[in-house]
Amino acid sequence: MKHFAQDPTDAAFGQNPYPLYAEMRAAGDLVWWDEYDRASAVSHRAVSAILRDRRFGREIPADLAAPVPEHLKPFYAIEDHSMLELEPPRHTRLRGLVLRAFTSRRIAALAPEITALCHQLIDALPAGDFDLLPQFAQKLPVIIIARLLGVPDDHADQLLKWSNAMVAMYQAGRTRTIEDAAARAADEFATFLRGYIEARRTDPRDDLLTQLIAAEEAGEKLSNDELIATCVLLLNAGHEATVHTLGNGVACLLQQDVTPTVDTAEAISEEILRYDPPLHIFTRMAYEEVTIFDHTFQRGDTVALMLGSANRDDDVWPQAERFDVTRGAAQHTSFGGGLHFCVGAPLARLELQIALPILFDRLPGLRLAKAPRYAPTYHFHGLEALHLTR
């Protein structure tokens, strides 16, 4: 297995990690990333296979789990009940209960609301130059998630602050300052949600939180801790991915001189997700000795699944480095795969397919005011600002 040395926090790498990915793929399905001290799956076939291989998973077995530091206990009090970090049978039960509330029909019914919100946010944009991220890309998904949960719009900014602080835990080079901020946010977020959950138990509403409380499978319901973790997951994962995809996508479309329409929005959204995805690494742990792609993993070994690399694999997409909205339906890895395929993927897709045509139709003269620059937030890959003019 070939070794590669690359500091993931390096500014130049963060602006364009794709050349390194190409070098890695040329070396094989698996490579060794020295800074992470682990094997990394870089081809589409390797990433896809391990995502679906039940011998690998997210949940850390009790005998392999490290003690949680005291200052991080509020953060892991939520993480320990998140279905993203669990495997069957707990994951099966939680996901099944969530899907009873988070139905495709309920998501599809959000289309008029998403449409109206897009127009409202565009109406509020300043006349001159503006940054699309805080004024549109961040507000759209967080307000929609808040409304789904039954939280008033005026709480959206606070939810966003908590989400950003918690999600920073998954960035390369995290510090004690980041950890302390994440723990505070987790504690405050849990307290806030606990109050909302109790209110909904006595005063049910037509919202996702009420449906999650009512959801039941084989006589079991979500506990308070599970409800809190699920709401946090829906907000953090759904919001983070959509913000980055909207920002990356609009920048790409302006640079490529591509204008999305209602008819082309689906194909364009999928190509954006493939070409410049919001999350570049997702990890799995081996639960037993596994030999795959000429490497033997021991129980407890972790593997980095390089989603951003898999999506640029020429064996799946000819000339994968080129943005091409006419590509076929080959499956990108941006929403993961297997048991942990993103629950919020239908909502993220709907938001993209509605928002992009409206934005370009309402602002036909839209253009870049400054060259886009990515934020130093690897494993996430999103812009730190998107300055536009019209």
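In case you missed it, the structure is sitting above this.
Numbering of residues begins from 1 in every chain and follows the order in which that chain's sequence is written. Two thresholds apply to this predicted model, a pLDDT of at least 70 for residue-level local features and 80 or more for giving and counting side-chain atom pairs, whereas whole-chain, interface and lining totals are computed over all residues. Only hydrogens and water are set aside when side-chain values are computed; all heavy atoms of the structure are taken into account.

Asker: Hey, could you run me through the environment of Phe189 in this one?
Answerer: Numbering of helices and strands starts at the N terminus; helices are DSSP runs of H or I of at least 4 residues and strands are runs of E of at least 2. Within the secondary structure, Phe189 is located in helix 11 (residues 176–202). Separated by 155 residues in the primary sequence, Phe189 and Asp34 place their C-alpha atoms 36 Å from one another. With residues near it in sequence (within four places) discarded, Phe189 still touches Leu159, Trp162, Met166, Val232, Leu235 and Asn236. Here, residues are in contact when the closest pair of their heavy atoms is within 4.5 Å.

Asker: Just checking my understanding: could you explain unusual backbone geometry for this structure?
Answerer: Glycine aside, the phi torsion of most residues is negative, and most peptide linkages are trans. The step from Pro88 to Pro89 runs through a cis peptide bond, and the omega angle for that step is 10°. Locating Pro89 in the fold gives a position in the loop between helix 4 (73–79) and helix 5 (90–101). Residue Asp37 is not a glycine yet carries a positive backbone phi of 55°. In this fold, Asp37 is placed in the loop between strand 2 (30–33) and strand 3 (38–41). Using a relative accessible area of 54% as the deciding quantity, one classes Asp37 as exposed. One non-glycine residue, Phe293, lies in positive phi territory at about 50°. Along the chain, Phe293 falls in the loop between strand 9 (290–292) and strand 10 (295–297). The buried label applies to any residue whose accessible area, calculated with a 1.4 Å probe on protein chains only, is under 20% of its type's maximum; exposed applies above 50%, and partly exposed to all values in between. Accessibility expressed as a relative area gives 23% for Phe293, which makes it partly exposed.

Asker: Even after reading the chapter, I still don't get helix 13 (residues 224–256), so can you show me in this structure?
Answerer: With 33 residues, helix 13 extends 47 Å between its outermost C-alpha atoms, agreeing within 8% with the 48 Å of an ideal straight helix rising 1.5 Å per residue. Phi turns positive, to about 55°, at Asp257, one or two residues after helix 13. The span expected for a helix works out to 1.5 Å for each residue beyond the first.

Asker: What am I meant to see in the pattern of salt bridges here?
Answerer: Side chains carrying opposite charge are able to pair once their charged atoms draw close together. Every case where a carboxyl oxygen of Asp or Glu lies within 4 Å of a side-chain nitrogen of Lys or Arg is listed as a salt bridge. The tally for this structure, following the rule as stated, stands at 24 salt bridges. Across the salt bridge formed by Arg299 and Asp63, the nearest N and O atoms sit 2.9 Å from each other. Of this pair, Arg299 sits in the loop between strand 10 and strand 11 (302–306) while Asp63 sits in the loop between strand 4 (56–57) and helix 4, placing them 236 residues apart in sequence. Residue Arg299 is classed as partly exposed on the basis of its relative accessible area, which comes to 42%. Here Asp207 and Arg200 are joined by a salt bridge, their closest N and O atoms 2.7 Å apart. The pair formed by Asp207 and Arg200 is uniform in burial state, with each residue classed as buried. Linked through salt bridges whose partners overlap, the residues forming this network are Arg25, Arg312 and Glu321.

Asker: Teacher, can you tell me more about a negative patch on the surface here?
Answerer: Each patch is built from residues that are more than 30% exposed by relative accessible area and take part in no salt bridge. Like charges join if they lie within 9 Å; nonpolar side chains (Val, Leu, Ile, Met, Phe, Trp, Tyr) join within 5 Å. The accessible surface values rely on the Shrake-Rupley method and a 1.4 Å probe; as for residues, cover is taken only from the protein chains in view. Charged residues are defined narrowly, with Lys and Arg counted positive, Asp and Glu counted negative, and His plus the chain ends left uncounted. To locate a charge, the coordinates of NZ of Lys, CZ of Arg, CG of Asp or CD of Glu are taken. Negative charge collects at one region of the surface, where Asp7, Asp10, Asp34, Glu35 and Asp37 lie side by side. If you trace the backbone, Asp34 turns up in the loop between strand 2 and strand 3.

Asker: Please explain the packing of helix 10 (residues 156–167) against helix 11 as it appears in this structure.
Answerer: Relative orientation and spacing of two packed helices are given, respectively, by the angle between their axes and the distance between those axes. At a minimum axis separation of 8 Å, helix 10 and helix 11 run at an interaxial angle of 140°. What the angle tells us is that helix 10 and helix 11 run oblique. Of the two possible hands of crossing, helix 10 and helix 11 adopt the one that is left-handed. Contact with helix 10, carried on its side by Leu159, Trp162, Ala165 and Met166, involves Ala181, Ala182, Ala185, Ala186, Glu188, Phe189 and Phe192 of helix 11 and no other residues of that element. A class-by-class count of the residues in the contact of helix 10 with helix 11 yields ten nonpolar, no polar and one charged. Axis lines are fitted through C-alpha atoms, for helices just across the contact stretch, and the angle between N-to-C directions can take any value from 0 to 180 degrees. Small angles under 35 degrees read as roughly parallel and large ones over 145 as roughly antiparallel, with 65 to 115 read as roughly perpendicular and the rest as oblique. Whether a crossing is left-handed or right-handed is set by the direction in which the near helix is turned from the far one by less than a right angle, anticlockwise for left-handed and clockwise for right-handed. Charged means Asp, Glu, Lys or Arg here, nonpolar means Ala, Val, Leu, Ile, Met, Phe, Trp, Tyr, Cys or Pro, and polar covers whatever is left, Gly included.

Asker: Mind showing me how you'd approach the sheet that holds strand 2 here?
Answerer: In sheet architecture, strand pairing relies on hydrogen bonds along the backbone and comes in two forms, parallel and antiparallel. Paired strands, as defined in this entry, are two strands with at least two bridges between them according to DSSP. Pairing within the open sheet is mixed, and its six strands lie in the order 1-2-3-11-8-4. The open sheet terminates on both sides in strands that have one partner only, identified here as strand 1 (3–4) and strand 4. As defined by bridge partners, strand 3 adjoins strand 11 across three bridges and the pair is classed as parallel. Pairing of Ser40 across the sheet is with Ala304, part of strand 11. This element, helix 3 (residues 44–52), spans strand 2, strand 3, strand 4, strand 8 (281–286) and strand 11 of the sheet and lies at about 125° to strand 11.

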